[in-house]
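Coordinate analysis (summary)
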Amino acid sequence: MRRTLMSSVAAAAILLAPHALAQGGDNMEKLGNFQSTGTSMQFETVEQSGPFADQIRKNLENVKMPAGFKIELFAVVPDARHIAVGPQGIVTFVGTRKDKVWAITDRNKDRLADEVKRFAPSVDFVIPNGVCFSRDGFLFIAEQNRVLVFPAAEFFYESPDVAVAEVVKKGELIPQDEESFNHTARVCDIGPDNKLYISLGQPFNVPAQEKMSKYDRTGIGGIIRMDRDGSNREVYARGIRNSVGMDFNPANGELWFTDNQVDGMGDDIPPGELNRATGPGQNFGFPWYGGGQTRTDEYKDSEPPADIVFPEVEMVAHAADLGMMFYTGRMFPQKYRGGIFSAQHGSWNRTEPVGARVMFTPVNEDGSAGETTPFAEGWKTENGEYLGRPVDVAQLPDGSILVSDDLAGAVYRISYEN
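A brief structural summary.

Tallied over the full model, the rule gives 27 aromatic pairs. Consider the rings of Phe93 and Phe119, whose centres lie 4.8 Å apart with planes at 70°: the pair is edge-to-face. One end of the pair, Phe93, is in strand 3 (residues 91-94); the other, Phe119, is in the loop between strand 5 (115-118) and strand 6 (130-133), and 26 residues separate them in sequence. A relative accessible area of 0% places Phe93 in the buried class. With centroids separated by 5.0 Å and ring planes inclined at 85°, the aromatic side chains of Phe257 and Phe284 adopt a geometry described as edge-to-face. In this pair, Phe257 sits in strand 15 (residues 255-259) while Phe284 sits in the loop between strand 17 (282-283) and strand 18 (289-291), placing the two residues 27 residues apart along the sequence.

Have a look at this one:
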């Protein structure tokens, strides 16, 4: 069995990524040849008990949800950002905006992490925020300017050396002269067409007009898609400022995504966005519109495209809507099934802070959105202090959901008791 699995993984790595051996300097060549790198077996792990974890649990007492729901600390995870739950239910991977990806293991299945350790320490990551799984168990990680794939990640995560290949070589996801410290947290997903979708936030508040041709061509300020081996890349959607959350509606295959609006226009405009892409080639309005139908000052004299698609839902301004997911579980009551849970990270420059909560948006039978309402809130105190800042939402096999928090450095689990 082990030989069969190893052979299959080796073949998958070669077939998936012809660039597997191209990148040296960070052990990629050795790993691409299934050679040991000599990386220590002493993993960096995260303490799951003690005063720090106890205080997070105490802070969760402030979180309010509908009757019957319960929130608990699932894992202490430093800088926790986007979440990918393994299809086999063995391990959950959490990306960061730094240089680490974490692996969470619940060995006794008590819905509480027994171990959190660094994933693939022999690989040098650069802003590995975007983690996503294919249904057949391939973990994709979208970095600042590279995309990696880890065949059988749930099998290899116990070792410092992993099967890995490059889907997009370093420096080729975006032009290297566009690498920025701003809006570089990618997210990814595998669509119903079995293609890899990646969001590419543009680095500015509002980009200069001379950037538009380049961004239009490369997909910066949009969502790109490609085959899982990196071939047949195309721009799927344009007119997006900085999307840090996406998911496909399982009912009809449509792509939904959040988008963060322009800063500096006031406390109450422009609105945040939850968007619905009904097909390829659509334009969602940025930079002519800063959010919703609010025009930007920089492009007020420029004629916007005639076929702009406006948001399906306008969110409160500057709440920083990030990760989202369609709920497909059976634990929660019927009203939540098929709807969207999304995370609001919280404002950074609003006079009165807003956000730091989990929202719920029902989806109607015709595929349109119903009214969005707060689902879990209380990470922001009455005086505007943040006790936590939710980033992403993911679903466990039992139908409960996980919420990541990069301020507290934690992942929470929300379950329904009744």
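Turning our eyes to something else, we now look at the pattern of salt bridges. Under the defined criterion, the tally for this structure stands at 30 salt bridges. Ionic pairing is found between Arg81 and Asp406, a salt bridge with its closest N-O pair at 3.2 Å. Of this pair, Arg81 sits in the loop between strand 1 (69-76) and strand 2 (83-85) while Asp406 sits in the loop between strand 26 (401-405) and strand 27 (410-416); the two residues are 325 residues apart in sequence, bridging distant segments of the chain. The burial state of Arg81 is the same as that of Asp406; both residues are buried. Between Lys117 and Glu115 there is a salt bridge whose closest N-O contact spans 3.9 Å. Beyond isolated ion pairs, a larger network of salt bridges with shared partners links Lys70, Glu72, Arg111, Asp398, Arg413 and Glu417.

Definitions and cut-offs
- Residues numbered from 1 in each chain as written.
- Predicted model: local features only at pLDDT ≥ 70, side-chain atom pairs only at ≥ 80, totals over all residues.
- Heavy atoms only, no water.
- Phe/Tyr/Trp six-rings, centres within 6.5 Å; stacked < 30°, edge-to-face > 60°.
- Helix = DSSP H or I, 4+ residues; strand = E, 2+ residues; numbered from the N terminus.
- Buried < 20%, exposed > 50% of the residue type's maximum accessible area, 1.4 Å probe, protein only.
- Salt bridge = Lys/Arg side-chain N within 4 Å of Asp/Glu carboxyl O.

Taken by themselves, the reported measurements are silent on function.
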